[in-house]
Amino acid sequence: MSNVLYRNFTLDLPQIAKGEGSWLWDLSGKKYLDLSGGAFVNALGHGREDLIQRIADQMKKVSYVNGWHFSSPQLEEYAPKLLKHAPAGFSHVALLGSGSEAVEAALKIVRQAFFESGKTTKHKIIARSPGYHGNTGLALSASARKYYKKFFSSYLTEITFVSAPQEYRSKDIDYLAELEETILKLGPENVSTFILETVMGSSGACSVPPPGYLEGVTAICKKYDVKIVADEVACGAARTGDYFASKGLGLDPDVIVLGKGVNAGLIPTSVMIVKKDIVDVIQQGSKSFMHHQTYMHSPMMAACALEVLKEIEKLNLIERVKTEGTYLGSLLKKELLELPHVGGVTGRGFFWGITLVQDKATQSWFPPEDKVVMKLFKKAKELGLILWPVVGDSEAEQSDSFVIAPPYTMTREEMDVGVSKLKELLR
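Residues numbered from 1 in each chain as written. Predicted model: local features only at pLDDT ≥ 70, side-chain atom pairs only at ≥ 80, totals over all residues. Heavy atoms only, no water.

Caption draft 1: Region of interest: empty space enclosed by the protein. Scanning the model with the defined rule gives one cavity of 30 Å³ or more in all. For the largest cavity, the calculated volume is near 50 Å³. Forming the boundary of the largest cavity are 10 residues, of which Gln166, Tyr168, Gly204, Ala205 and Thr355 lie nearest the centre. (1 Å grid on protein atoms, 1.4 Å probe; cavity = no way out; pocket = protein on both sides within 12 Å on 5 of 7 lines; lining within 4 Å. Points joined across faces, edges and corners; volume = space filled by probe spheres on them.)

The following block contains the structure:
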């Protein structure tokens, strides 16, 4: 048995030898098509020696200094460059090490700003179910994953959940009325934050919100002075066809968090961007954001985020994800929706979810003990196909789905191969 503490003790994991573009090879020489970009991370593909070299050149100069001691030219160049893509009103950028860390920082800065403005009772957080925001304390608390929380509930913060709309499994719920009623029940004077995934990630099989929903969320939260934290760790950084999904879908958040595609799998890096009015409150008060981590604002992370963003702009990948994402989505729907156990194909850009059901007519799930998606995940690897398996959408339901999130550089020919293999797998 390996001395490595792997996430899953039962999987026999092949060791990867190299990657190039959309492809991976293990030590035995077996070839895999990376149709999920790992965990939606490898936005620019594998083996990008030119990009890696540019980041390495910066690291040769200085790889680490603490954010208390120094800034860096890369950090100062990256922040305004990123903000040019952001919705109106955003003024400041923070770099952290993971999506979970960015979510923690986002929830904290909202609380601090309310506290410093004299609204000290505003501390309650509302999140959505299904929904996922990470595995650290506050991030896991705000995640509607009961099976993740089983062992750690006594460590977590109390969060109030409302229902999230899902494209495929729509319910007879007035989602906006539920949100407003929840704010009123908790007391607007007590509610600080509503956190949501702009486009749902693994928890909701890449569901895109229905027309009017995000605009309605914005109006309700502004009415009651509740700050919106948009979690775009999975769906941001051009993944859904706009660099910030909020900007393309009508949400007006106060804080946005990014990860995954921000670093393209090269150096762990996440981002929090904050609106000016939040920063102004702290500037006029304590003049210090009470959150710091060892690698926050590290020059190597800044160099990575900067070079990845430059590459996305240079190759016009935001527009490419829009156009080629339309092709990918149409291909998935055409080839897979005819299969008896594919309930839905939902998504946008290069971010698609395949929902599996036992019966289409009733939208019933497979029994959890059948472990359908994990069996398919294992079989997919045998076929040379890498997918992201998802077990369980919410606290109330067991489900099986896959996420498709390929590199932005994937060709149509590679998409055709991937979807053909996926169809073979599901048959």
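Past the structure itself, the notes keep going.
Caption draft 2: Examining the sheet that holds strand β10 (residues 270–275) more closely. Taken in spatial order, the seven strands line up as β4-β10-β9-β8-β7-β5-β6 in an open sheet, and their pairing is mixed. The strands lining the two open edges of the sheet, one partner per strand, are β4 (90–96) and β6 (160–163). With direction set aside, neighbouring strand axes in the sheet form an average angle of 20 degrees. As paired strands, β4 and β10 are joined by six bridges and run antiparallel to one another. Across the sheet, residue Leu95 finds its bridge partner in β10, namely Val271. (Pairing = 2+ DSSP bridges. Helix = DSSP H or I, 4+ residues; strand = E, 2+ residues; numbered from the N terminus. Axes fitted to C-alpha atoms, helices over the stretch in contact; angles between N-to-C directions.)

Caption draft 3: View of the layout of surface pockets. In this model, the second largest pocket occupies a volume close to 740 Å³. Taken together, 23 residues form the lining of the second largest pocket, with His92, Val93, Phe289, Met296 and His297 sitting closest to its centre. Counted by class, the lining of the second largest pocket contains 13 nonpolar, eight polar and two charged residues. (Nonpolar A, V, L, I, M, F, W, Y, C, P; charged D, E, K, R; others polar.)

Caption draft 4: Structural context of the pattern of salt bridges. As enumerated under the stated definition, the model contains 19 salt bridges in all. Linking Lys81 and Glu313 is a salt bridge whose minimum nitrogen-to-oxygen distance equals 2.8 Å. Of the two residues, Lys81 sits in helix α3 (residues 73–83) while Glu313 sits in helix α11 (residues 299–314), which places them 232 residues apart along the sequence. Using a relative accessible area of 22% as the deciding quantity, one classes Lys81 as partly exposed. Residue Glu313 is classed as partly exposed on the basis of its relative accessible area, which comes to 31%. Where salt bridges share partners, they join Arg48, Asp50, Arg54, Glu77, Glu307, Lys310 and Glu311 into one cluster. (Salt bridge = Lys/Arg side-chain N within 4 Å of Asp/Glu carboxyl O. Buried < 20%, exposed > 50% of the residue type's maximum accessible area, 1.4 Å probe, protein only.)

Caption draft 5: Fine view of the nonpolar core. Ranked by size, the top nonpolar core spans 99 residues in total, and within it Tyr78, Leu82, Phe194, Tyr243, Ile273, Ile354 and Leu422 carry the most contacts. With nine residues, the top contributor of residues to this core is α11. Beyond its immediate stretch of four places on either side in the chain, Ile354 contacts Leu332, Leu336, Val342, Gly344, Val345, Asp400, Ser401, Phe402, Ile404 and Leu422. Residues Leu107, Ile195, Val233 and Val274 belong to the second largest nonpolar core, which totals 28 residues. (Core = buried A, V, L, I, M, F, W, Y, C linked by side-chain atoms within 4.5 Å. Contact = heavy atoms within 4.5 Å.)

Caption draft 6: Structural view of the packing of helix α4 (residues 99–116) against helix α10 (residues 276–284). α10 packs onto α4 with a crossing angle of 55 degrees between their chain directions and a minimal axis gap of 9 Å. Considering their axes alone, α4 and α10 lie oblique with respect to each other. Considering only the axes of α4 and α10, their crossing is left-handed. The residues of α10 that touch α4, namely those facing Ile109, Gln112, Ala113 and Glu116, are Ile278, Val281 and Ile282. A breakdown of the residues in the contact of α4 with α10 according to their chemical character gives five nonpolar, one polar and one charged. (Parallel < 35°, antiparallel > 145°, perpendicular 65-115°, else oblique. Left-handed = near helix turned anticlockwise from the far one by under 90°.)

Caption draft 7: A look at the packing of aromatic side chains. Taken as a whole and assessed by the stated rule, the structure comprises eight aromatic pairs. Ring centres 6.4 Å apart and planes at 75 degrees place the aromatic pair Phe350 and Tyr408 in the edge-to-face group. Of this pair, Phe350 sits in the loop between β11 (342–348) and β12 (351–356) while Tyr408 is found in the loop between β15 (400–404) and α14 (412–426), placing the two residues 58 residues apart along the sequence. Phe350 sits in the buried class, given a relative accessible area of 0%. Grouped by ring-pair contacts, the aromatic residues Phe40, Phe351 and Trp388 constitute a single cluster. Lying across the ring of Trp23, Lys31 places its NZ or CZ 4.2 Å from the centre. For Arg169, the ring lying beneath its charged end belongs to Trp365, and the centroid distance is 4.1 Å. (Phe/Tyr/Trp six-rings, centres within 6.5 Å; stacked < 30°, edge-to-face > 60°. Lys NZ or Arg CZ within 6 Å of the ring centre and 35° of its normal.)

Functional significance is not addressed by these values, which are geometric in nature.
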